[in-house]
Amino acid sequence: MSLRLAVTGLTGQVVSALIERAAKDIEITALGRPQLDLGLRNAVLAGLRHARCDAIVNAAAYTAVDRAESEADLAMRVNGEGAGHVAEAAAELNVPLLHLSTDYVFDGMLPRPYREDDPTGPTCAYGRSKLAGEHNIAATHPNHVILRTAWVYSPFGANFVKTMLRLGETRAEVSVVADQLGNPTSAIDIADAIFVMARRLVEDPSPSLRGVFHVTGQGDASWADVAEATFAAAEKFGRKPVRVQRISTADYPTAARRPANSRLDNEKLAIRYGLRLPPWRQSLESCVARVLMDKTGSRAV
Ligand SMILES: NC(=O)C1=CN([C@@H]2O[C@H](COP(=O)(O)OP(=O)(O)OC[C@H]3O[C@@H](n4cnc5c(N)ncnc54)[C@H](OP(=O)(O)O)[C@@H]3O)[C@@H](O)[C@H]2O)C=CC1
Ligand SMILES: Cc1cn([C@H]2C[C@H](O)[C@@H](COP(=O)(O)OP(=O)(O)O[C@H]3O[C@@H](C)C(=O)[C@@H](O)[C@H]3O)O2)c(=O)[nH]c1=O
Ligand SMILES: [Mg+2]
């Protein structure tokens, strides 16, 4: 059965992955700035009203974590209120809404992976704005899924893995925090999960498929682990080795405070949707391969 998805954002990692991964029977309508600005209610309602779709994916967001500390109002307008506007549109169109949220809604103090119903407690402005978005969606449109994902990387846009590959071009050593734990997640794997979930939501009205779901790559890592895996993969493509100096958060001051442990338990997704994302190291290797192949002009693997 064909599936028509209206997606917010034009150039983001998840948007790009959705466009690239859509099978022939999936039609993606991407809506973004300047026509659709999430902060402008009328633009969101008008833009989505005219997109003929079976489901809406809210993949656009203000994602500059450190900058959000000094632009908290803007982050809130886009991530908090903006998500509410998208939910209003989904309610008006009577279609399911799949909304992307983040591990940064948690404070990071729990000594185990977070489950969907664990208490939230964001430590930074970006996290607070994303949590407000979750609340606005839940209050506006019951027919929704909030996918909390984390540490997203891909060949598209800006992300930590591409930052490491760029730093590695000129440095023999990079210092990276080793005391923040999370789940690196490929935007491509997120896109594939969104297609499965959207189809189910369109076909099946059951409440057990709705609500909050944790959707991350399998396996835990620190940022230092991600950096090491990135450089190890890059070596296979002829890059010189880069050493990772494992440092602590205290040695890498940033504007935003990030959770020390934001690992997310994915069991609910496995049980209710029968879905598990691939192990992060596997997807990371494909990503690095693609980024480096694209650079040398060779065919991507
Ligand atoms: N990146 C990550 O590590 C993680 C992301 N998430 C969530 O996943 C989702 C997708 O993230 P990702 O693909 O990485 O995001 P990106 O930062 O790659 O892209 C963000 C997209 O949002 C668009 N955007 C920003 N502000 C607005 C606005 N006011 N109106 C309309 N569009 C806007 C950008 O458009 P433009 O091109 O015009 O700037 C861009 O297309 C987001 O909800 C994010 O919060 C969750 C966990 C981790
Ligand atoms: C570039 C760099 C970062 N770091 C640290 C800073 C920080 O603690 C950690 C990650 O840095 P980044 O700024 O790349 O990642 P950050 O922007 O915090 O990534 C977050 O983005 C938002 C959108 C999310 O929703 C989160 O899930 C998460 O992916 O690594 C180093 O230790 N060394 C470095 O050279
Ligand atoms: Mg960042």
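Fair warning: this is a prediction, and the values are worked out from it, not measured in the lab. Once a new chain begins, its residue numbering starts again from 1 and follows that chain's sequence as written. The lettering of chains begins at A and the numbering of ligands begins at 1, in the order of writing. Restriction of local features to residues with pLDDT of at least 70 applies here, the model being predicted, together with a cutoff of 80 or more for giving and counting side-chain atom pairs; totals for whole chains, interfaces and linings are based on all residues.

Participant: Can you help me understand the site of ligand 2 in this one?
Facilitator: For each residue, a C-beta atom is positioned from the backbone; the residue is called near a molecule or strand if that atom sits within 6 Å of it. In the vicinity of ligand 2, 19 residues are found, and the nearest of them are Thr63, Val65, Thr102, Phe160 and Val177. Top element by residues in the shell around ligand 2 is strand 7 (residues 173–177). It accounts for four residues. Under the scheme applied here, ten amino acids are nonpolar (Ala, Val, Leu, Ile, Met, Phe, Trp, Tyr, Cys and Pro), four are charged (Asp, Glu, Lys and Arg), and all others, including Gly, are polar. In terms of residue class, the shell around ligand 2 is made up of eleven nonpolar, six polar and two charged. Only DSSP runs of H or I reaching four residues or more are called helices, and only runs of E reaching two or more are called strands; each is numbered from the N terminus.

Participant: Even after reading the chapter, I still don't get the sheet that holds strand 1 (residues 3–8), so can you show me in this structure?
Facilitator: Consider a sheet: its strands pair through backbone hydrogen bonds, and that pairing is either parallel or antiparallel. Spatially, the six strands line up as an open sheet ordered 2-1-3-4-5-10, and their pairing is parallel. Two strands close off the open sheet at either side, each with one partner strand: strand 2 (26–31) and strand 10 (211–214). For this sheet the average axis-to-axis angle between neighbouring strands, irrespective of direction, equals 25°. Criterion used throughout: strands pair if DSSP finds at least two bridges between them. Sheet topology note: the strand 3 (residues 55–58)/strand 4 (residues 97–102) ladder contains three bridges and is parallel. Its bridge partner being in strand 4, Asn58 is matched across the sheet by His99. Note on contacts: residues are paired as contacts if their backbone-placed C-beta atoms lie within 7 Å. The axes are straight lines fitted to the C-alpha atoms, using for helices just the contacting stretch, and the angles between their N-to-C directions are given from 0 to 180°. This element, helix 3 (residues 72–93), spans strand 1, strand 3, strand 4 and strand 5 (144–149) of the sheet and lies at about 175° to strand 3.

Participant: How should the site of ligand 1 be read in this particular structure?
Facilitator: What surrounds ligand 1 is a group of 27 residues, the closest being Gly9, Gly12, Gln13, Ala60 and Ala61. If you list the elements that add at least two residues to the shell around ligand 1, you get helix 1 (13–21) and strand 4. The biggest single contributor to the shell around ligand 1 is helix 1, with three residues. Across the shell around ligand 1, the residue classes break down as 14 nonpolar, ten polar and three charged.

Participant: Hey, could you run me through the confidence of the model for the chain in this one?
Facilitator: Fine structural detail should not be taken from predicted coordinates in areas where pLDDT scores are low. Every residue gets a pLDDT, meaning the predictor's confidence in that residue, from 0 to 100. Per-residue pLDDT for the chain averages 97, and the proportion of residues at 70 or more is 98%. Here the prediction assigns the complex a pTM of 0.97, and the interface score ipTM is 0.98.

Participant: Please clarify how helix 3 should be interpreted in this entry.
Facilitator: For an α-helix, 3.6 residues make a turn, and residues three or four places apart therefore share a direction. Relative to the 32 Å expected for 22 residues at 1.5 Å per residue, helix 3 spans 30 Å between its end C-alpha atoms, a close match to the ideal helical length. If you look at helix 3, its biggest bend is around 35°, right at Gly82. Phi turns positive, to about 60°, at Asn94, one or two residues after helix 3. Multiplying 1.5 Å by the residue count of a helix minus one yields the expected span of that helix. The angle separating two fitted axes, one through the seven residues that finish at a residue and one through the seven that start at it, defines the bend at that residue.

Participant: Any chance you could explain the packing of helix 5 (residues 160–170) against helix 7 (residues 223–235) here in plain terms?
Facilitator: Helix packing for two helices is described by the angle between their axes and how far apart those axes are. The interhelical angle for the contact between helix 5 and helix 7, taken along N-to-C directions, is 60°, at an axis separation of 10 Å. Taken together, the axes of helix 5 and helix 7 lie oblique to each other. Regarding helix 5 and helix 7, the two cross each other, and that crossing is right-handed. From helix 5, Phe160, Val161, Met164, Leu165 and Gly168 reach across to helix 7, where they touch Trp223, Val226, Ala227, Thr230, Phe231 and Ala234. Looking at side-chain class alone, the contact of helix 5 with helix 7 contains nine nonpolar, two polar and no charged residues. Working rule for angles: under 35 degrees goes down as roughly parallel, over 145 as roughly antiparallel, 65 to 115 as roughly perpendicular, anything else as oblique. Each crossing gets its hand from how the near helix is turned against the far one by less than a right angle, where anticlockwise is left-handed and clockwise is right-handed.

Participant: Help me out: how do you make sense of unusual backbone geometry in this one?
Facilitator: Outside of glycine, negative phi angles account for most residues, and trans bonds account for most peptide bonds. The omega angle of the peptide bond from Arg33 to Pro34 is 5°, so this bond is cis rather than trans. Its location among the elements puts Pro34 in the loop between strand 2 and helix 2 (41–49). Despite not being glycine, Asn94 has its phi angle at roughly 60°, a positive value. Taking the C-beta count within 10 Å as the criterion, Asn94 has 8 such neighbours and is therefore assigned exposed. Positive phi, normally seen in glycine, also occurs at Trp151, with a value near 50°. One can find Trp151 in the loop between strand 5 and strand 6 (152–153). The buried category is assigned to Trp151, around which 24 C-beta atoms lie within 10 Å. Neighbour density around each residue's C-beta defines its exposure: 20 or more other C-beta atoms within 10 Å make it buried, 12 or fewer make it exposed, and counts between make it partly exposed, where C-beta atoms are placed from the backbone.

Participant: What is the right way to read the environment of Leu275 from this model?
Facilitator: Examined against the element boundaries, Leu275 turns out to sit in the loop between helix 8 (267–273) and helix 9 (280–296). Judged by C-beta crowding, with 16 C-beta atoms within 10 Å, Leu275 ranks as partly exposed. Sequence spacing of Leu275 and Gly121 is 154 residues, and the spatial spacing of their C-alpha atoms is 27 Å. The residues touching Leu275, leaving out its near neighbours within four places in the chain, are Ala193, Val196, Leu269 and Ala270.

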